[in-house]
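Inside the fold
Below are the chains, spelled out letter by letter.
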Amino acid sequence: MRKLRIAVIDLVTKAPTRTLYARVMHANLASIMPQVIAHWCEEEGHDVKLVCFTGLENLVEELPDNLDLVFIGAFTQAAQLAYALSNQFRQNGAITVIGGPHARCYPEDAQKYFDYVLGFTDKKVIRDVLQDCSRHRPLGVRLEAKQQPTSLPGVRERWKFIEPTLRKSPFFKIVPMLGSMGCPYTCSFCIDAAVPYQPLDFEVMKDDLRFLLKIYKRPVVGWHDPNFGVRFDDYMDAIEDAVPPDHIDFIAESSLSLLSEANVKRLRRNGFKALLPGIESWYDLGNKSKTGKAQGMDKVRQVSEHINMIMRYVPYVQANFVLGLDTDEGPEPFELTKRFLDMSPGAFPAFSLLSAFGQAAELNLGYQRDNRVLPFPFHFLNNNHAMNVRPKNYSWPELYDGIVSLSRHAFSWRAIGKRFRATGETIPRWLNVVRAVSSEGFGRIKYHTAMRQRLDHDRPLRRFFEQETIEIPQFYIDRIQQDLGPLWQWLPAGALQHDPHAYLKSESASVRAPMSAPVKVSRRVEVEQLV
Ligand code: SF4
């Protein structure tokens with residue numbers, strides 16, 4: 001095989017940007033799989049350059065000319081950016097490949113703009129791409145492994161790609177690590193629910209932790225496990241074997257059901273500084289929050305006590321919620337969340353709007369069958385800038401009234417002050433303030449308030465929301481053009497639209513006739529999951 005010139009681009013953001021948050025945080029959001037793919041390509045003897053695109057880079061300057069092959073990893077919100085980049089690289093003669101959550105959620109759409117679209121990706125899939133490396137147009141080839149890989153190169157092997165990425169982060173550097181794939185829980189909106197839980201090799205993990213202790217005085221590790229600590233004692237034994245107590249700061253997403261007081265004490269001893277449990281709903285998903293059948297205010301009380309207990313040991317806790325779920329009705333869910341925030345003032349709330357990411361979960365088939373999925377451009381599908389599922393029990397204005405009211409409560413100066421006082425350590429305190437006054441808090445209030453007003457005054461936009469038309473409102477088009485800047489000119493024709501029923505159609509087609517090789521279809525898609 002000839003030696004290929006390969007670029008691997010990890011899109012951690014959806015457009016060029018120069019914000020302070022991007023400078024401080026984006027490099028810390030780098031994904032693991034692009035680094036793995038870069039490593040595998042090098043092992044096969046090719047020249048590889050990886051760029052983590054944080055929004056600040058000029059890719060033309062950073063990447064060599066005459067590339068043979070370009071891999072792009074993207075979440076759905078970065079799809080339009082990925083499509084524009086692919087078009088640009090193709091015009092310059094490169095073959096392009098897309099992987100990551102967007103490729104797995106919307107493979108039919110991605111096929112229109114890439115030569116290869118990857119589902120579950122292991123070394124053999126990458127080898128197949130490298131060996132074939134040819135144009136597949138107008139429709140790209142879909143490739144995937146039967147399951148996620150059972151082993152991955154660790155931090156030591158990926159360091160060549162991790163180090164230059166973290167060099168971009170001026171204040172703190174979070175090393176991405178992975179201890180497991182999949183999740184034993186069954187949250188209906190999450191793809192990891194359908195992926196069997198599988199821990200990775202604990203010996204590799206221990207070696208990586210020892211390696212990091214030699215590199216940094218006090219490393220910070222962000223666990224990318226969908227649900228950290230499912231085999232809790234095995235994990236802690238491994239960490240305690242490799243790391244003296246409290247020598248590495250850890251960040252992890254764990255479900256509340258794993259966070260008993262005994263477990264939280266052990267996490268504290270081992271340096272866990274930030275936990276991001278999912279609460280999601282006051283009426284559903286009791287198994288993951290260990291609240292059983294408790295609902296409404298009973299669940300608020302139980303979860304609040306639990307979160308307050310965690311905060312006695314761990315200084316930073318982010319509580320995740322999903323707004324607009326089918327189990328929600330009337331103002332009560334929003335009011336209960338406000339009560340929770342009053343009772344657990346130290347927790348930072350992260351709100352997501354109910355979103356159906358293509359093939360992410362079987363639940364989405366039901367939304368598509370009921371014609372409840374709206375074709376918002378992918379650029380806005382980040383759980384916040386659009387809710388692409390028509391709410392079951394709310395009109396759009398009612399829903400946005402609730403969202404605006406809750407956001408104003410959560411990020412009022414009073415709540416910010418209470419959060420500041422209820423948080424024990426300096427960095428977490430100020431991090432909460434910065435998040436609240438930035439795009440995440442004040443920015444969301446502004447955006448949701450403007451959307452609420454548009455629902456009353458922007459008739460074309462309201463007609464789109466009400467599914468009277470599928471024409472993308474000008475408001476969204478203008479915003480994408482503004483965000484993409486010079487890359488707008490490379491966005492292929494038709495790339496603003498997608499078929500919101502593609503998953504349903506692919507299921508019906510696969511019932512009628514099996515797909516022919518080499519197209520392999522999977523329903524198990526990893527997505528922007530919420531633990
Ligand atoms: S949302 Fe979290 S707990 Fe639920 S299935 Fe997904 S990873 Fe597991």
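Please read all numbers here as calculations on a predicted model, not as lab measurements.

Some words on unusual backbone geometry
Put simply, Arg 137 and Pro 138 share a cis peptide bond, and its omega is 10 degrees. Residue position: Pro 138 is located in the loop between helix 7 (123-132) and strand 6 (141-143). A positive phi angle, close to 55 degrees, is found at Asn 66, a residue other than glycine. Inspection of the secondary structure puts Asn 66 in the loop between helix 3 (59-62) and strand 3 (69-74). Despite not being glycine, Cys 133 has its phi angle at roughly 30 degrees, a positive value. Within the secondary structure layout, Cys 133 lies in the loop between helix 7 and strand 6. When its relative accessible area of 14% is taken as the criterion, Cys 133 is described as buried.

A short note on the domain arrangement of the protein
Domain annotation for the protein reports domain 1 (5-143) and domain 2 (173-179 + 191-272). The distance between the C-alpha centroids of domain 1 and domain 2 comes to 28 Å. Between domain 1 and domain 2, the contact holds six residues from the first and seven residues from the second. Contact between domain 1 and domain 2 buries roughly 460 Å² in total, counting both sides, with carbon and sulfur atoms accounting for 67%. If you look at where domain 1 meets domain 2, you find zero salt bridges. Linking domain 1 with domain 2 are one residue pair in polar contact (both at pLDDT 80 or more), by the criterion used here. Taken together, the residues that form the side of domain 1 that touches domain 2 break down as three nonpolar, three polar and no charged.

Some thoughts on the environment of Ser 352
Tracing the chain through its elements places Ser 352 in strand 15 (residues 348-353). With 34 residues separating them in the primary sequence, Ser 352 and Ala 386 have C-alpha atoms 9.7 Å apart.

Overview of the sheet that holds strand 2 (residues 47-53)
The six strands lie next to each other as 2-1-3-4-5-6, forming an open sheet whose pairing is parallel. Taken across any chain shown, the strands that pair with only one partner, and hence form the sheet edges, are strand 2 and strand 6. When strand polarity is set aside, the average angle formed by the axes of neighbouring strands in this sheet is 20 degrees. Looking at chain direction, strand 1 (residues 5-11) and strand 3 are connected through six bridges and run parallel.

What about the packing of aromatic side chains?
Aromatic ring pairs are described here by two measures, namely the spacing of the ring centres and the angle between the planes. Under the criterion given, the structure shown has 28 aromatic pairs. Measuring from centroid to centroid gives 5.9 Å for Trp 223 and Phe 250, while their planes differ by 25 degrees, and the two rings are stacked. With Trp 223 in strand 10 (residues 220-223) and Phe 250 in strand 11 (residues 249-252), the pair connects residues that are 27 residues apart, well separated along the chain. Accessibility assignment for this pair places Trp 223 and Phe 250 in one class, buried. For the ring pair Phe 376 and Tyr 476, a centre distance of 5.5 Å and an interplane angle of 85 degrees mean the geometry is edge-to-face. One end of the pair, Phe 376, is in the loop between helix 15 (363-369) and helix 16 (396-410); the other, Tyr 476, is in helix 21 (residues 474-484), with 100 residues separating them in the sequence. Here the two residues Phe 376 and Tyr 476 agree in accessibility, since each one is buried.

Some thoughts on the pairing of strand 11
Pairing between strand 10 and strand 11: three bridges, direction parallel. Paired with Val 220 across the bridge in strand 11 is Asp 249. Note on the crossover from strand 10 through helix 10 (residues 232-242) to strand 11: the handedness is right-handed. Note: strand 11 against strand 12 (residues 272-275), three bridges, orientation parallel. Within strand 12, the position partnered with Ile 251 by the bridge is Ala 274. Between the parallel pair strand 11 and strand 12, the chain is carried across by helix 11 (residues 261-269), and the sense of this crossover is right-handed.

Quick word on the confidence of the model for the protein
For the protein, the mean per-residue pLDDT works out to 92, and 94% of the residues sit at or above 70. Predicted confidence for residues 513-531 stays below pLDDT 50, and this span has 70 contacts to residues more than four positions away or in other chains.

As for the pattern of salt bridges
When charged atoms on two side chains of opposite charge get close, those side chains can pair. Evaluation of the coordinates by the stated rule reveals 36 salt bridges. The residue Asp 47 makes a salt bridge to Lys 3 at a minimum N-O spacing of 3.9 Å. Taken together, the positions of Asp 47 in strand 2 and Lys 3 in the segment before strand 1 put the pair 44 residues apart, joining distant regions of the chain. The shortest N-O distance in the salt bridge between Asp 298 and Arg 301 comes to 3.2 Å. Placement of both Asp 298 and Arg 301 in helix 13 (residues 296-313) is noted, with a separation of three residues, approximately one turn of the helix. Owing to a relative accessible area of 41%, Arg 301 belongs among the partly exposed residues under this scheme. Overlapping salt bridges, with partners in common, bring together Glu 203, Lys 206, Arg 210 and Asp 241 in one network.

Regarding the environment of Arg 435
Among the structural elements, Arg 435 can be located in helix 18 (residues 426-437). As for Arg 435 and Ile 416, which are separated by 19 residues in sequence, their C-alpha atoms are 9.9 Å apart. Each residue touching Arg 435, except ones within four places of it in the same chain, is listed here: Tyr 316, Gln 318, Phe 348, Glu 440 and Gly 441.

Comments concerning the side chain of Asp 225
With respect to the helices and strands, the residue Asp 225 is situated in the loop between strand 10 and helix 10. Among the polar contacts listed, one links the side chain of Asp 225 to the backbone nitrogen of Gly 179, at a separation of 2.9 Å. Within the local environment of Asp 225, its side chain forms a polar contact with the side chain of Ser 180, the two groups lying 2.8 Å apart.

What counts and how
Residues numbered from 1 in each chain as written. Predicted model: local features only at pLDDT ≥ 70, side-chain atom pairs only at ≥ 80, totals over all residues. Heavy atoms only, no water. Helix = DSSP H or I, 4+ residues; strand = E, 2+ residues; numbered from the N terminus. Buried < 20%, exposed > 50% of the residue type's maximum accessible area, 1.4 Å probe, protein only. Domains from an automatic or database assignment. Contact = heavy atoms within 4.5 Å. Buried area = accessible area lost by both parts, 1.4 Å probe. Salt bridge = Lys/Arg side-chain N within 4 Å of Asp/Glu carboxyl O. Polar contact = N/O pair within 3.5 Å; in protein donor to acceptor, adjacent residues only side chain to side chain. Nonpolar A, V, L, I, M, F, W, Y, C, P; charged D, E, K, R; others polar. Pairing = 2+ DSSP bridges. Axes fitted to C-alpha atoms, helices over the stretch in contact; angles between N-to-C directions. Phe/Tyr/Trp six-rings, centres within 6.5 Å; stacked < 30°, edge-to-face > 60°. Right-handed = clockwise from strand over helix to strand, strands pointing away. pLDDT = per-residue confidence, 0-100.

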